[in-house]
Amino acid sequence: MSFDSVAPWYRTLETIAFGGVLQRCRIACLDKLQNPGRVLIVGEGNGRFLSELLRTHPDVEVECVDASERMLSLARQRIERELPDRVDRVRFLHQDITSWPAPECHYDLVVTHFVLDCFPASQLAGIISKLSRAATDDASWLLADFSIPEKGIARLRARLWLAAMYRFFRLTTRIQASEIIDLAPFLQAEGFALAREHLFQSGMLKSELWRRIL
């Protein structure tokens, strides 16, 4: 799986499909973070969330892990352009999260925006367990992703949109997933509890802040 082929056009595709809603979803819980020190961002993409994180919390130390070298390059260029004095606070790591050797109990914030939906259920438990082990005992977890409303026209619309998007990204990026998986049971199994949630687009998009229960 790699987003290299769509990296130059990803922002345009996102804007055509959703306007600015995905970015609002990414940053919806940003002001509720409790002064994170060390942050892990998985699948950051072109750096739009990263730049807002560095503006809101200028003293953080960030590691961005992404399987797409072109996405990492775009993210680095964005920070060099917009926040040149904070580039040294970010490490850009070109690695697949499934094989990345995560450090133990290191990060007090984990961020997974629109990335875990790229993996099938058979891989999710292992990935979330790995990220959980890399997080501290009192860590927070930011998650933005798609979801399927419970009923009505919103549910049908979400199913149609997601089916189309999965077909597109399976062809262009070779993701293995083909459906949205509820991540709550995986996070709860790792000791995290939902602290805040925002819904967008009649429930098709969600932004969540999870905190580990001590």
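Just above sits the structure.
Residues numbered from 1 in each chain as written. Predicted model: local features only at pLDDT ≥ 70, side-chain atom pairs only at ≥ 80, totals over all residues. Heavy atoms only, no water.

*Asks:* Help me understand the packing of helix 1 (residues 10-18) against helix 6 (residues 152-172) in this model?
*Replies:* In a pair of packed helices, the angle between the axes and the distance between the axes together describe the arrangement. Closest axis-to-axis distance for the helix 1/helix 6 pair is 14 Å, and the angle between their directions is 165°. One element, helix 1, and the other, helix 6, form an angle in the roughly antiparallel class. As helix 1 runs across helix 6, the sense of the crossing is right-handed. Of helix 6, the residues touching helix 1 (which contributes Tyr10, Leu13, Ala17 and Phe18) are Trp161, Met165, Phe168 and Phe169. Classifying every residue of the contact of helix 1 with helix 6 by side-chain character gives eight nonpolar, no polar and no charged. (Axes fitted to C-alpha atoms, helices over the stretch in contact; angles between N-to-C directions. Helix = DSSP H or I, 4+ residues; strand = E, 2+ residues; numbered from the N terminus. Parallel < 35°, antiparallel > 145°, perpendicular 65-115°, else oblique. Left-handed = near helix turned anticlockwise from the far one by under 90°. Contact = heavy atoms within 4.5 Å. Nonpolar A, V, L, I, M, F, W, Y, C, P; charged D, E, K, R; others polar.)

*Asks:* Sorry if this is basic, but what is going on with the side chain of Thr136 here?
*Replies:* Note on placement: Thr136 falls in strand 5 (residues 135-146). On the accessibility criterion, Thr136 (12% relative accessible area) is buried. Polar side-chain contacts of Thr136 include one of 3.1 Å to the side chain of Asp138. Among all residues touching Thr136, those that are not within four sequence positions of it are Cys105, His106, Tyr107, Asp108 and Arg212. (Buried < 20%, exposed > 50% of the residue type's maximum accessible area, 1.4 Å probe, protein only. Polar contact = N/O pair within 3.5 Å; in protein donor to acceptor, adjacent residues only side chain to side chain.)

*Asks:* Would you explain the pattern of salt bridges in this entry?
*Replies:* Going through the model one piece at a time under the given rule, you end up with nine salt bridges. Taking the shortest distance from any N to any O, the salt bridge between Arg48 and Glu14 comes out at 2.9 Å. Residue Arg48 is found in helix 3 (residues 48-56), and its partner Glu14 is found in helix 1; the two are separated by 34 residues along the sequence. Of the two residues, Arg48 and Glu14, both sit in the buried class. Between Arg78 and Glu82 there is a salt bridge whose closest N-O contact spans 3.2 Å. Note that Arg78 and Glu82 are positioned in helix 4 (residues 69-82) at a spacing of four residues, about one turn of the helix. A relative accessible area of 13% means that Arg78 is categorised as buried. (Salt bridge = Lys/Arg side-chain N within 4 Å of Asp/Glu carboxyl O.)

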